[in-house]
Amino acid sequence: ALGLLADAQDIPFYTLDNRIYEVQGMVLVIRDFVKALYDLYPEIAQKNNAENMAAAMQFMNDICTYDPMYINSGELIISYLMFTKNRLEDIRDSLRI
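It should be emphasised that the depicted structure is a prediction, and the values quoted were computed from it without experimental measurement. (Residues numbered from 1 in each chain as written. Predicted model: local features only at pLDDT ≥ 70, side-chain atom pairs only at ≥ 80, totals over all residues. Heavy atoms only, no water.)

Engineer: I would appreciate a short explanation of the packing of aromatic side chains in the present structure.
Structural biologist: Describing an aromatic ring pair means giving the distance of the ring centres and the angle of the ring planes. With the rule as written, the count across this model stands at three aromatic pairs. Judged by centre distance (5.4 Å) and plane angle (80°), the ring pair of Phe13 and Tyr14 falls under edge-to-face. When its relative accessible area of 52% is taken as the criterion, Tyr14 is described as exposed. Aromatic pair Phe59 and Phe83: ring centres 5.1 Å apart, planes at 35°, arrangement tilted. Here Phe59, found in helix H3 (residues 50–65), pairs with Phe83, found in helix H4 (residues 75–96); they are 24 residues apart in sequence, far enough to count as distant. Three or more aromatic residues link up through ring pairs in this structure, and these residues are Phe59, Tyr80 and Phe83. (Phe/Tyr/Trp six-rings, centres within 6.5 Å; stacked < 30°, edge-to-face > 60°. Buried < 20%, exposed > 50% of the residue type's maximum accessible area, 1.4 Å probe, protein only. Helix = DSSP H or I, 4+ residues; strand = E, 2+ residues; numbered from the N terminus.)

See the structure below:
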């Protein structure tokens, strides 16, 4: 998803819009998959991951509901993707301990 939005400022708006919609499709699937894992495996929540999970879900929801017709920039979506990635990595790291 991040690769699709690389060099967003150099992409024509119509191409950027299409790429943002592609990223939204990816995040829809990832969001539902991560939520299912979190619900099916309570040991993830038992590692004090509620705050990270809530934040990751909020960022993914923000990506999924973003309308590129209003704001024509991939930078916001890139930051949401990075925030989501960081929160999910924190959850992953807590499971390794």
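Next, the rest of the story.
Engineer: Sorry if this is basic, but what is going on with the confidence of the model for the chain here?
Structural biologist: Detailed reading of the predicted coordinates is not advisable wherever pLDDT is low. The share of residues in the chain with pLDDT of 70 or more is 94%, and the mean pLDDT across the chain is 88. Of all the helices and strands in the chain, helix H2 (residues 42–45) carries the lowest mean pLDDT, 90, while H3 carries the highest, 95. (pLDDT = per-residue confidence, 0-100.)

Engineer: Explain the pattern of salt bridges here, please?
Structural biologist: A side chain with one charge can pair with a side chain of the opposite charge if their charged atoms come near. Overall, the coordinates contain four salt bridges when judged by the stated rule. Taking the shortest distance from any N to any O, the salt bridge between Lys35 and Asp39 comes out at 3.0 Å. Remark: Asp39 and Lys35 occur in helix H1 (residues 13–40); sequence separation between them is four residues, near one turn of the helix. Since its relative accessible area comes to 37%, Lys35 is described here as partly exposed. Judged by its relative accessible area of 49%, Asp39 falls in the partly exposed class. Taking the shortest distance from any N to any O, the salt bridge between Asp93 and Arg92 comes out at 2.9 Å. Judged by its relative accessible area of 36%, Arg92 falls in the partly exposed class. (Salt bridge = Lys/Arg side-chain N within 4 Å of Asp/Glu carboxyl O.)

Engineer: What is the right way to read unusual backbone geometry from this model?
Structural biologist: Across residues other than glycine, the phi torsion is negative in most instances, and most of the peptide bonds are trans. Not every positive phi belongs to a glycine, and Asn48 is a case in point at roughly 60°. Of note, Asn48 is situated in the loop between H2 and H3. Since its relative accessible area comes to 72%, Asn48 is described here as exposed.

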